Amino acid sequence: MKVVKFGGSSLADGPQFEKVISIMKADSQRRVIITSAPGKRHEGDIKVTDLLIKYAELTIKHADTGEIFNQIFARYQSIGNYFNLDDKALAPIKQALRKLPTTQYPDNEYLMAAFKAHGERLNARLMATVMNHVGITARFVDPKVAGIIVSDEPNNATVLPETYENLAQLPVDNSVLVFPGFFGFTPEGQIATFSRGGSDITGAIVARGLHADLYENFTDVNAIYAANPKLVDHPIAIPRMTYREMRELSYAGFSVFHDEAIIPAIQGQIPINVKNTNRPNLPGTLIVPEKDFQPTQTITGVASSTRFAALYIHRYLLNKEVGFTLKLLQVFKKYNVSYEHMPSGIDDLTVIFDRTQFDEDTVHNMCHDIREVLKPDTLEWIDDYAIIMVVGEGMRNKVGVIEQIIRPLVQHNIGVHMINQGASRISIMLGTRRADAEAAVKSIYDAFFSPDPV
Ligand SMILES: Nc1ncnc2c1ncn2[C@@H]1O[C@H](COP(=O)(O)OP(=O)(O)O)[C@@H](O)[C@H]1O
Ligand SMILES: N[C@@H](CC(=O)OP(=O)(O)O)C(=O)O
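Small disclaimer: the values here were computed from a predicted structure and weren't measured.

1. Focus on the site of ligand 1
G8, T219, D220, Y225 and K230 are the nearest of the 18 residues found near ligand 1. About the coverage of ligand 1: the protein hides 85% of its 570 Å² of free accessible area. Tallied by class, residues from the shell around ligand 1 come to nine nonpolar, six polar and three charged.

This is the structure:
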């Protein structure tokens, strides 16, 4: 049995829905479908999730929501119209959207989560209706009924283990099951979403919970490429890669697949096939356990992410001081921030953060507290930090890879602030200034993949 997730670009309008339906029809193993919210129909368009965020913000401000409501409903209506659904069939979607502002929420964070989740919730309902309308027996499965239970972090939830017991008990019949992606319910019964792009996570959870043989993830590119196609012109496609390669690359910027979605797939040992909705006969990229993989290249891919910031702290004899890091972590705890990496030297350390969790006041107050508590000789907040991740199972037993990575950076005059080789030895992480990230990816890509590097 296959669980199949379609991204927002694959469900953006009526013609895309039609492609999805033919993909589902083409293989009788495709029994479960996970939907995203309608995405961008063209460059410059707005995803329904972003429209819902606006709807939530206007609701919080008690501002007029008439226009945004119409804009959101029109997206679903145009898909319904494409399949000649009548007003009655679309009425539940309209009602659910209208009800959002008058529902009670514990706080505005939960309000935001509930609004966002309706992008996928309503699209899954619409997909089930359309499928039945065109003769495929399909059933909408709400995460509440299926028992997708998540942590009480309204907009950044993680799945709780009881979900898998609940999914194992889900009644399965001849219908295609249509799940909305992106959200679950907290133990208290509130909607909470995963982080952005999190429908991939739902797909992996459902694939694991239902013991699928394959998790197919349909998107708008032919495959996962060795570099982001927005940064490198026509990068090569990756036919096969391992879970841990994908996790590292998606963490560091391959937004085509959510990094947290790898975990349920690993736990269930379910291969993932990333494919193109617009060209479904192409093989795409297969993501497999390490035991099923033989590397043919030194590196599999190079990614960059500019969502980071770094804190540099220098103090002589830092290595001798008991409790220095503990005090630092206590400051982070006070400000409720997590850190991503902490490479260190004898007298200094750098802490790399996800920048998106800070506002300006938090940065200012946190640095002030660190100065007070730790009395560093130097403290520097580097706001424009980027991480470049070079990943490949093939680099594990190779000598000289680091030289091959650094040489093109030197040639392009790109400064490297940090180098960190993961314990698994399948990835090397570099810290650069944000402005250098794109050039760094291009030059490393050329060094490894271009027959005639420039
Ligand atoms: N290495 C990569 N290979 C393929 N696509 C990538 C890569 N890195 C980033 N992307 C981007 O990911 C996009 C697909 O992800 P996303 O927009 O989340 O799709 P969906 O709407 O299907 O979920 C592609 O259009 C591409 O721009
Ligand atoms: N719609 C949500 C979740 C998601 O996964 O979307 P997509 O499959 O279009 O990346 C978002 O925009 O974040």
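2. Focus on the sheet that holds strand β11 (residues 301–314)
Think of a sheet as strands paired side by side through backbone hydrogen bonds, with each pair either parallel or antiparallel. Pairing is antiparallel in the open sheet, where six strands are placed in the order β12-β13-β11-β14-β16-β15. Of all the strands in the sheet, the pair left with one neighbour each is β12 (339–341) and β15 (418–421). Mean inter-strand twist for the sheet, computed between neighbouring axes without regard to direction, equals 40°. As paired elements, β11 and strand β14 (residues 378–391) share 11 bridges and run antiparallel to each other. Bridge pairing in β14 places G301 opposite V391. Relative to the sheet, helix α11 (residues 324–334) contacts β11, β12 and β13 (348–354), its axis offset from that of β13 by approximately 25°. Packed onto the sheet, helix α13 (residues 401–411) meets β14, β15 and β16 (427–433) and runs at close to 20° relative to β16.

3. Details of the nonpolar core
Formed by 75 residues in total, the largest nonpolar core has its most connected members in F179, I272 and I444. Here this core takes eight residues from β14, the largest share from any one element. Each of domain 1 (2–220) and domain 2 (301–449) gives at least three residues to this core. Sequence-distant contacts of I272, that is, excluding residues within four places in its chain, are made with L214, Y215, Y243, F257, I262, A265, T285, L286 and I287. Core analysis: the second largest hydrophobic core is formed by 52 residues, I33, A114, A138 and I191 among them.

4. Brief notes about the site of ligand 2
Taken together, K5, G7, G8, S36, K47, T49, E120, F182, R196, G197, G198 and S199 make up all the residues around ligand 2. Residue T49 places a side-chain N or O atom 2.7 Å away from a nitrogen atom belonging to ligand 2. Measuring from an oxygen atom of ligand 2, one finds a side-chain N or O atom of R196 at 2.7 Å.

5. Some thoughts on the packing of helix α4 (residues 87–99) against helix α5 (residues 108–133)
Two elements in contact, α4 and α5, have axes whose closest approach is 10 Å; the angle formed by their N-to-C orientations is 175°. Classified by the angle between their axes, α4 and α5 sit roughly antiparallel to one another. In this structure, α4 contributes A89, L90, I93, A96 and L97 to the contact, and α5 contributes L122, L126 and T129. A breakdown of the residues in the contact of α4 with α5 according to their chemical character gives seven nonpolar, one polar and no charged.

6. Points about the pattern of salt bridges
A full pass over the atoms with the stated rule returns 21 salt bridges. Between D173 and R139 there is a salt bridge; the shortest N-O distance is 3.6 Å. A residue pair is termed long-range when its members are at least 10 positions apart, and D173 in the loop between α7 (162–168) and β4 (176–180) and R139 in strand β3 (residues 138–140) qualify at 34 residues. The closest approach of N and O atoms between R407 and E403, which form a salt bridge, is 3.1 Å. Of this pair, R407 and E403 are both found in helix α13, four residues apart, which corresponds to roughly one turn of the helix. With a relative accessible area of 41%, R407 lands in the partly exposed category. On the basis of relative accessibility, which here comes to 45%, the residue E403 falls in the partly exposed class. Three or more residues joined by partner-sharing salt bridges are found here, namely R41, D45 and R75.

7. Topic: the UniProt feature "binding site: ATP" (unreviewed entry) in the protein chain
As recorded in UniProt, the feature "binding site: ATP" (unreviewed entry) lies at T219, D220 and Y225. Locating D220 in the fold gives a position in the loop between β7 (214–219) and β8 (240–242). You can call D220 partly exposed: its relative accessible area is 45%. Leaving out residues up to four positions away in the same chain, D220 has contacts with S9, N276 and N278. Engagement of the side chain of D220 in a polar contact is seen with the side chain of T219, the distance being 3.4 Å. As for its placement among the helices and strands, Y225 is situated in the loop between β7 and β8. Ignoring any residue separated from it by four or fewer positions in sequence, one finds Y225 in contact with P235, I236, A237, I238 and F254.

So, how was this worked out
Residues numbered from 1 in each chain as written. Chains lettered and ligands numbered in written order. Predicted model: local features only at pLDDT ≥ 70, side-chain atom pairs only at ≥ 80, totals over all residues. Heavy atoms only, no water. Near = heavy atom within 4 Å. Areas by Shrake-Rupley, 256 points an atom, 1.4 Å probe, with all protein chains shown as cover. Nonpolar A, V, L, I, M, F, W, Y, C, P; charged D, E, K, R; others polar. Pairing = 2+ DSSP bridges. Helix = DSSP H or I, 4+ residues; strand = E, 2+ residues; numbered from the N terminus. Axes fitted to C-alpha atoms, helices over the stretch in contact; angles between N-to-C directions. Contact = heavy atoms within 4.5 Å. Core = buried A, V, L, I, M, F, W, Y, C linked by side-chain atoms within 4.5 Å. Buried < 20%, exposed > 50% of the residue type's maximum accessible area, 1.4 Å probe, protein only. Domains from an automatic or database assignment. Polar contact = N/O pair within 3.5 Å; in protein donor to acceptor, adjacent residues only side chain to side chain. Parallel < 35°, antiparallel > 145°, perpendicular 65-115°, else oblique. Salt bridge = Lys/Arg side-chain N within 4 Å of Asp/Glu carboxyl O. UniProt positions renumbered as here; feature names shortened; annotations may be inferred.

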